[in-house]
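Chain and residue survey
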Amino acid sequence: AVKTALNGAEYQEGYERLAYPMGDVSREIGVCTDVLVRAFRNAGWALQEIMYKDMKARPKAYGLRGKKPNRHIDHRRVRRLIVYFKKYYKALPITFDPKQSGDQAWLPGDIIFMDTLNKGRPTHVGLVSGILGSDGEPLIINNWTYGYKTSAMSLKYAADYMFRFRLSLKK
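Just so we're clear, the structure is a prediction, and the values are computed from it rather than from any experiment.

1. Here we look at empty space enclosed by the protein
Under the counting rule described, the total for this entry stands at one cavity of 30 Å³ or more. Of the voids in this model, the largest cavity is the one considered here, and its volume is about 30 Å³. Residue lining of the largest cavity: M22, G23, V37, R41, W45, A46, L47 and Q48, and that is the complete set. Secondary-structure elements contributing two or more residues to the lining of the largest cavity are α2 (32-42) and α3 (47-57). The residue makeup of the lining of the largest cavity, split by class, is five nonpolar, two polar and one charged.

2. Thoughts on the layout of surface pockets
Any space left empty among the atoms is revealed by the rolling of a water-sized probe across them. Counted as a void, the largest pocket has a volume near 550 Å³. Lining the largest pocket are 21 residues, and of these Y11, E13, C32, V78 and T123 sit closest to its centre. Put simply, the parts of the chain that give the lining of the largest pocket at least two residues each are α2 and α4 (78-88). Each residue belonging to the lining of the largest pocket can be placed in one class, and the counts come to eight nonpolar, seven polar and six charged.

3. Topic: the nonpolar core
Residues L36, L47, F85, I111 and F113 are the most contacted members of the largest nonpolar core, which totals 24 residues. When contributions to this core are tallied by element, the ones reaching two or more residues are α2, α3, α4, β4 (111-115) and β5 (124-132). In this structure, F96, W106, I112 and V128 belong to the second largest nonpolar core, which totals nine residues.

4. Re the packing of aromatic side chains
Evaluation of the coordinates by the stated rule reveals 10 aromatic pairs. On the numbers, 5.5 Å between centres and 40 degrees between planes, the contact of F85 with Y89 is tilted. The exposure classification of F85 matches that of Y89, with both residues buried.

The rules behind each value
- Residues numbered from 1 in each chain as written.
- Predicted model: local features only at pLDDT ≥ 70, side-chain atom pairs only at ≥ 80, totals over all residues.
- Heavy atoms only, no water.
- 1 Å grid on protein atoms, 1.4 Å probe; cavity = no way out; pocket = protein on both sides within 12 Å on 5 of 7 lines; lining within 4 Å.
- Points joined across faces, edges and corners; volume = space filled by probe spheres on them.
- Helix = DSSP H or I, 4+ residues; strand = E, 2+ residues; numbered from the N terminus.
- Nonpolar A, V, L, I, M, F, W, Y, C, P; charged D, E, K, R; others polar.
- Core = buried A, V, L, I, M, F, W, Y, C linked by side-chain atoms within 4.5 Å.
- Buried < 20%, exposed > 50% of the residue type's maximum accessible area, 1.4 Å probe, protein only.
- Phe/Tyr/Trp six-rings, centres within 6.5 Å; stacked < 30°, edge-to-face > 60°.

Structure follows, in structure tokens:
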């Protein structure tokens, strides 16, 4: 995630035909989900391929009633990512507490899904950084919206945390 923040891709959404596996939009652009996809790739995981295979195996879980998964875009959709993480990873506490330790502590690389549009469901994703903001909470590496670049930023007042996952905590 730190590497993606250093690259500073401009926020730009849209559909593109991607290579498979390991497809990606141009590294100069991206959305919040591209930060997660790139962080996974930098860690040696092909999230596009992992999710595509899971969607083929469990289409109903992803709401694909009668449709085939789209390997060009589905791994770049928050609503699809949430299904994958709910199935394979343990959700963790969503409230930051600097006194928490062990599995309860927020750690760099933790994945956080947020409801930034007040829709009652996750609409945004980011990863916890190792940098604390002025409020003492970790900054979140993400790509926010138009006019922003991938970076670590405080989202305390802009987002309700919905789900949080740590990759090392498989169910």
